[in-house]
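Structural overview
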Amino acid sequence: MAFKPLHDRVLVRRVESDEKTAGGLIIPDSAKEKPQEGEVVAVGAGARDDDGDRIELDVKEGDKILFGKWSGTEITLEGEELLIMKESDILGVIA
């Protein structure tokens, strides 16, 4: 992909949620919430501190992450819907 986030921004691909509930009911698209789980596609080089030193990000490409419901900005790159967000919007890495 020909996109490199700047500073402390991260490019994320949402992970699709299940189409059925635990009881086997099929959830229609109109009732589904957008997943708050994703995979890191690309990361920026990191923000700079007051001295001008680079602060590396805690996430890397390929990490599975959780993020807030309203986090990030939706963008379309090469026909794929992705999110770009600051690292501070990421709640945690799924092991």
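As a starting point, this report considers the structure included with it. (Residues numbered from 1 in each chain as written. Predicted model: local features only at pLDDT ≥ 70, side-chain atom pairs only at ≥ 80, totals over all residues. Heavy atoms only, no water.)

**Examining the environment of Glu87**
- Note that Glu87 resides in the loop between β7 (80-86) and β8 (90-94).
- Sequence separation of Glu87 and Gly72 is 15 residues, and the distance between their C-alpha atoms is 9.8 Å.
- In this view, Glu87 contacts Asp8, Val10, Leu57, Asp58 and Val59; residues no more than four positions away in its chain are not counted.
- At 2.5 Å, the side chain of Glu87 and the backbone nitrogen of Asp58 are in polar contact. (Helix = DSSP H or I, 4+ residues; strand = E, 2+ residues; numbered from the N terminus. Contact = heavy atoms within 4.5 Å. Polar contact = N/O pair within 3.5 Å; in protein donor to acceptor, adjacent residues only side chain to side chain.)

**Thoughts on a nonpolar patch on the surface**
- Nonpolar side chains collect at one region of the surface, where Leu66, Leu91 and Ile94 lie side by side and expose about 270 Å² of accessible area between them.
- Checked against the element boundaries, Leu91 lands in strand β8.
- Residue classification places Leu91 among the exposed positions, given a relative accessible area of 65%. (Patch = residues over 30% accessible without salt bridge, like charges linked within 9 Å, V, L, I, M, F, W, Y side chains within 5 Å. Areas by Shrake-Rupley, 256 points an atom, 1.4 Å probe, with all protein chains shown as cover. Salt bridge = Lys/Arg side-chain N within 4 Å of Asp/Glu carboxyl O. Buried < 20%, exposed > 50% of the residue type's maximum accessible area, 1.4 Å probe, protein only.)

**So, the pairing of strand β1 (residues 9-14)**
- Of the strand pairs in this sheet, β1 and β7 are connected by 4 bridges, and their pairing is antiparallel. The partner of Val12 across the bridge, within β7, is Leu83.
- Sheet topology places β1 next to strand β2 (residues 37-43); 5 bridges connect them, and they run antiparallel. The residue bridging Arg13 from the neighbouring strand is Glu39, located in β2. (Pairing = 2+ DSSP bridges.)

**Overview of the side chain of Asp8**
- Positionally, Asp8 belongs in the segment before β1.
- Residue classification places Asp8 among the buried residues on the basis of a relative accessible area of 17%.
- The contact partners of Asp8, leaving out residues within four places of it in the chain, are Gly46, Ala47, Leu57, Met85, Lys86 and Glu87.

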